[in-house]
Amino acid sequence: MKALAELAKRRGFFFQTGSAYGGVSGFYTYGPHGATLKATVESAWRERWATREGHDEIDAPTIMPEAVFEASGHLDGFDDLLVECPACEQSHRADHLVEGQTDIAEAESYTAKEIEGLLAEHGITCPSCGAPLAEEPVEQFNLMFETAIGPGSTNRGYLRPETAQGIFVDFPRLREYARGELPFGVAQIGRAYRNEISPRNAIVRTREFNQAELELFFDPDEDEPDLESVADVEAPLFSAEAQTADGEPSFQTIGAAVESGPIADDWVGYYVGVATAWYDRIGIDLDRVRFRQHQAAERAHYARDCWDAEADVSGPGQDPEWIELAGIANRGTYDLSHHEAHTDERYRVFSEYDEPRTVERASVEPDMAALGPEYGSQAADIAAALEDLAETDQRAFEGETVAVEVDGETVEIPTEQTGFAVEEVTERGEQITPHVIEPSMGIDRTVYTILVHAYDEDEIDGEERTVLRLPPEMAPTLVGVFPLMDKDGLGEQARNLAADLRAVGLSVTYDDSGAIGRRYRRQDEIGTPYCITVDYESLDDGTVTVRDRDTTDQVRVGIDELAATLAALQDGELAFDQL
Ligand code: ATP
């Protein structure tokens, strides 16, 4: 981690923001190479999770009013457990301290009181100064950043702690674009904000970060994922059962894992398959990844099955260090039904039956000419209560009078004034609340893992080098173009070549400073897969050397074929050893 952080800062992948002002922990800036890598991860995500799946993408605001987060449950429940050190006053995430200083995993699912007990029982100490934390209170700390919307306003808002709510709140409109037909998916890539208690590990836990989320809306009785397309994908699965039995993750095909366990949900299984293949493609080492199933206690009550993608980002010879890259959860109807309950909108879709059905429908037509004079302003509420009652309990209308409750008072209405009737109607379908599957990915942790898994040190001609073995598709720079020396027209030819390659959309860096070996090293450590050298032979026969980063092998390629060759290498249509 230290070596990578040093490389990231020196070569412009990422660094702490505003160190001239002392820096505030939890805020990072992506430098030129990092910003490009992040953008490439986002494009690869968009291509795989939105375009290829046929889903639409939206871009919602990052600030939303309090009411949204009241409905989503974030206002009341988006808390982490905070403990403050009495000696150095540092704040810590109490569950992380327990995980770090005991054998307990996933302490997040414990209550504040339970964690207080564990701090005492295990003699947990402050990681900053070593003071004991045994008697310290553990509190719930809400992670949302609060703001005021408008000048002098009492209209409270929050920075979104996840991109998902932007999709859920506007479901009624998004449903229209999907022509009300399930299943449909809506994707979003964007910033999320969490006032983390103790940000750490560079871009792994920050206070402003980037998520890529897909919300897939479906009818559980009708819609099935295309499991066949991922059935043969071998995913490293760490089931809840294996965790309890102190077992290990094991590679299983998605087909078998969905058919006979441990994956309990077809849609979740489908996305675990898509994620596995996608991680492999973008350069994450599947031998250092596991999909960990949530234990029942850890799962939110509405989440029916949930798997986290986790990556080991430890260095060579160190104990594994797992970080969460993504969560893939079946959220049921939780989000849509909460927004429906907090608004006047319907968060449902019309689901057509295979065959129309004839059903009995009860209705009321209260006699307002009688109710109005007797109950005055309460009459409308009584009529609404009668309507609700007819829908839920026809038997209530069997007697001489019907009892309804209005403003905490029971009112008896003569049944003949209710206009109660039951008729047979033919229905084509019904309004249903779609279920949701959510693959929620952290872009920054994905970038970090790609870098950790690509990082390598080896020796070339007796000289040590640092090399990032990034897949060509992901490398911030595809090709370095060098003149052997900047004289005799070599520099000019190399500059022209760089301009020509840029003109066809390839990412190229030009470098003529220092010995050629040093120029190669500079590119190796930022993961540039190919380097081209223009030499004296180039002037004679129109060829240049192309050097492969990983093997350091070199071949001569005609300048005319370069653009097409490099594009094919980048797309994976051609391998270097085929040149
Ligand atoms: P953690 O347990 O690590 O705090 P989480 O379970 O709260 O993460 P989710 O709410 O599932 O995270 O968010 C989805 C993804 O967003 C995570 O898998 C992670 O990749 C990313 N993420 C969450 N919090 C942060 C953060 N503070 N910094 C960077 N990425 C984050």
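Residues numbered from 1 in each chain as written. Predicted model: local features only at pLDDT ≥ 70, side-chain atom pairs only at ≥ 80, totals over all residues. Heavy atoms only, no water.

Let's talk about the overall build of the protein
A tally of helices and strands in the protein yields 19 helices and 28 strands. The burial tally for the protein puts 49% of its 579 residues in the buried class. Considering only contacts in the protein between residues 6 or more positions apart, those separated by 24 or more positions represent 65%. As presented, the protein carries roughly 28000 Å² of accessible surface, and 44% of it is formed by carbon and sulfur atoms. Counting 46 positive and 117 negative side-chain charges, the protein places the centres of these two groups 10 Å from one another. (Helix = DSSP H or I, 4+ residues; strand = E, 2+ residues; numbered from the N terminus. Buried < 20%, exposed > 50% of the residue type's maximum accessible area, 1.4 Å probe, protein only. Contact = heavy atoms within 4.5 Å. Areas by Shrake-Rupley, 256 points an atom, 1.4 Å probe, with all protein chains shown as cover. Lys, Arg positive; Asp, Glu negative; His and termini not counted. Charge placed at Lys NZ, Arg CZ, Asp CG, Glu CD.)

Things to note about the sheet that holds strand β8 (residues 146-148)
If you walk across this open sheet you meet the three strands as β4-β9-β8, and the pairing is antiparallel. Of all the strands in the sheet, just β4 (63-65) and β8 have a single pairing partner and so form its edges. On average, each strand axis in the sheet is tilted by 40 degrees relative to the strand beside it, whichever way the strands run. Note: β4 against strand β9 (residues 156-159), three bridges, orientation antiparallel. By the bridge assignment for β9, Met 64 is matched with Tyr 158. (Pairing = 2+ DSSP bridges. Axes fitted to C-alpha atoms, helices over the stretch in contact; angles between N-to-C directions.)

Section: the domain arrangement of the protein
Domain boundaries in the protein define domain 1 (2-78 + 143-337 + 437-444), domain 2 (80-141), domain 3 (350-431) and domain 4 (466-578). Each of domain 2 and domain 3 has a C-alpha centre, and the two are 55 Å apart. (Domains from an automatic or database assignment.)

Description of the side chain of Thr 449
Within the secondary structure, Thr 449 is located in helix α15 (residues 443-454). Owing to a relative accessible area of 0%, Thr 449 belongs among the buried residues under this scheme. Among the polar contacts listed, one links the side chain of Thr 449 to the backbone oxygen of Arg 445, at a separation of 2.7 Å. Discounting chain neighbours no more than four positions away, the residues touching Thr 449 are Ile 284, Ala 311, Val 313, Ile 323 and Leu 325. (Polar contact = N/O pair within 3.5 Å; in protein donor to acceptor, adjacent residues only side chain to side chain.)

Considerations on the site of the ligand
Taken together, the neighbourhood of the ligand is formed by 15 residues, with Arg 194, Glu 196, Arg 205, Thr 206 and Glu 324 sitting nearest. Here an oxygen atom of the ligand and a backbone polar atom of Leu 325 are 2.9 Å apart. The contact in question runs from an oxygen atom of the ligand to an N or O atom on the side chain of Arg 445, over 3.1 Å. Those elements giving two or more residues to the shell around the ligand turn out to be β11 (208-218), β16 (322-332) and β21 (435-442). (Near = heavy atom within 4 Å.)

Quick word on the packing of helix α13 (residues 368-375) against helix α14 (residues 379-392)
Look at α13 against α14: their axes get within 8 Å of each other, and the N-to-C directions meet at 130 degrees. Taken together, the axes of α13 and α14 lie oblique to each other. Facing α13, whose interface residues are Met 368, Leu 371, Gly 372 and Tyr 375, α14 presents Ala 379, Ala 380, Ile 382 and Ala 383. A class-by-class count of the residues in the contact of α13 with α14 yields seven nonpolar, one polar and no charged. (Parallel < 35°, antiparallel > 145°, perpendicular 65-115°, else oblique. Nonpolar A, V, L, I, M, F, W, Y, C, P; charged D, E, K, R; others polar.)

Observations regarding the packing of aromatic side chains
Per the counting criterion, the structure on display carries 19 aromatic pairs. Ring geometry for Tyr 270 versus Tyr 271: centroids 5.0 Å apart, planes at 70 degrees, classification edge-to-face. With centroids separated by 5.7 Å and ring planes inclined at 45 degrees, the aromatic side chains of Trp 278 and Tyr 279 adopt a geometry described as tilted. A network of ring pairs unites the aromatic residues Trp 45, Trp 49, Phe 218, Trp 267, Tyr 270, Tyr 271, Trp 278, Tyr 279 and Phe 291 as a single cluster. (Phe/Tyr/Trp six-rings, centres within 6.5 Å; stacked < 30°, edge-to-face > 60°.)

As for the pattern of salt bridges
Counting across every chain of the model gives 40 salt bridges. Among the ionic pairs, Arg 290 bridges to Glu 310, the shortest N-O distance being 2.7 Å. Taken together, the residues span a long stretch of sequence, with Arg 290 in strand β14 (residues 289-293) and Glu 310 in strand β15 (residues 306-312) at a distance of 20 residues. Among the residues examined, Arg 290 registers a relative accessible area of 14% and is labelled buried. With a shortest N-O distance of 3.4 Å, Glu 352 and Arg 428 are connected by a salt bridge. Residue Glu 352 is found in strand β17 (residues 349-363), and its partner Arg 428 is found in strand β20 (residues 421-432); the two are separated by 76 residues along the sequence. (Salt bridge = Lys/Arg side-chain N within 4 Å of Asp/Glu carboxyl O.)

A closer look at the packing of helix α2 (residues 32-51) against α15
Direction vectors running N to C along α2 and α15 enclose 110 degrees, while the axes themselves pass 10 Å from each other. Compared by their axis directions, α2 and α15 come out roughly perpendicular. You can see that α2 and α15 cross each other, and the crossing is right-handed. Taken together, the residues of α15 that come into contact with α2 (itself represented by Leu 37, Lys 38, Val 41 and Glu 42) are Ile 443, Thr 446, Val 447, Ile 450 and Leu 451. Looking at the contact of α2 with α15 residue by residue, the classes come out as six nonpolar, one polar and two charged. (Left-handed = near helix turned anticlockwise from the far one by under 90°.)

So, the nonpolar core
Tyr 279 and Phe 291 are the most contacted members of the largest nonpolar core, which has 66 residues in total. At nine residues, the largest contribution of residues to this core is made by helix α11 (residues 266-281). Both domains that meet at this core, namely domain 1 (2-78 + 143-337 + 437-444) and domain 4 (466-578), each give it at least three residues. Not counting residues within four places of it along the chain, the set of residues in contact with Phe 291 comprises Pro 236, Leu 237, Phe 238, Val 272, Ala 275, Thr 276, Tyr 279, Trp 307, Asp 308, Ala 309 and Ile 328. By size, the runner-up hydrophobic cluster in this structure holds 20 residues, among which are Leu 478, Val 481, Ile 532 and Val 557. (Core = buried A, V, L, I, M, F, W, Y, C linked by side-chain atoms within 4.5 Å.)

Points about the pairing of β14
Counting buried positions over the five residues of β14 gives five, a clear majority of the element. Side chains Val 289, Phe 291 and Gln 293 of β14 all project onto a buried face; the interleaved residues Arg 290 and Arg 292 project onto the opposite face, where all are buried too. Pairing of β14 with β15 involves five bridges; the strand directions are antiparallel. Residue pairing for β15: Val 289 is matched across the bridge by Ala 311.

Some thoughts on a nonpolar patch on the surface
Where nonpolar side chains cluster on the molecular surface, the patch consists of Leu 484, Met 485, Tyr 536 and Leu 539 and spans about 310 Å² of accessible area. Residue placement: Leu 539 occurs in helix α18 (residues 536-541). (Patch = residues over 30% accessible without salt bridge, like charges linked within 9 Å, V, L, I, M, F, W, Y side chains within 5 Å.)

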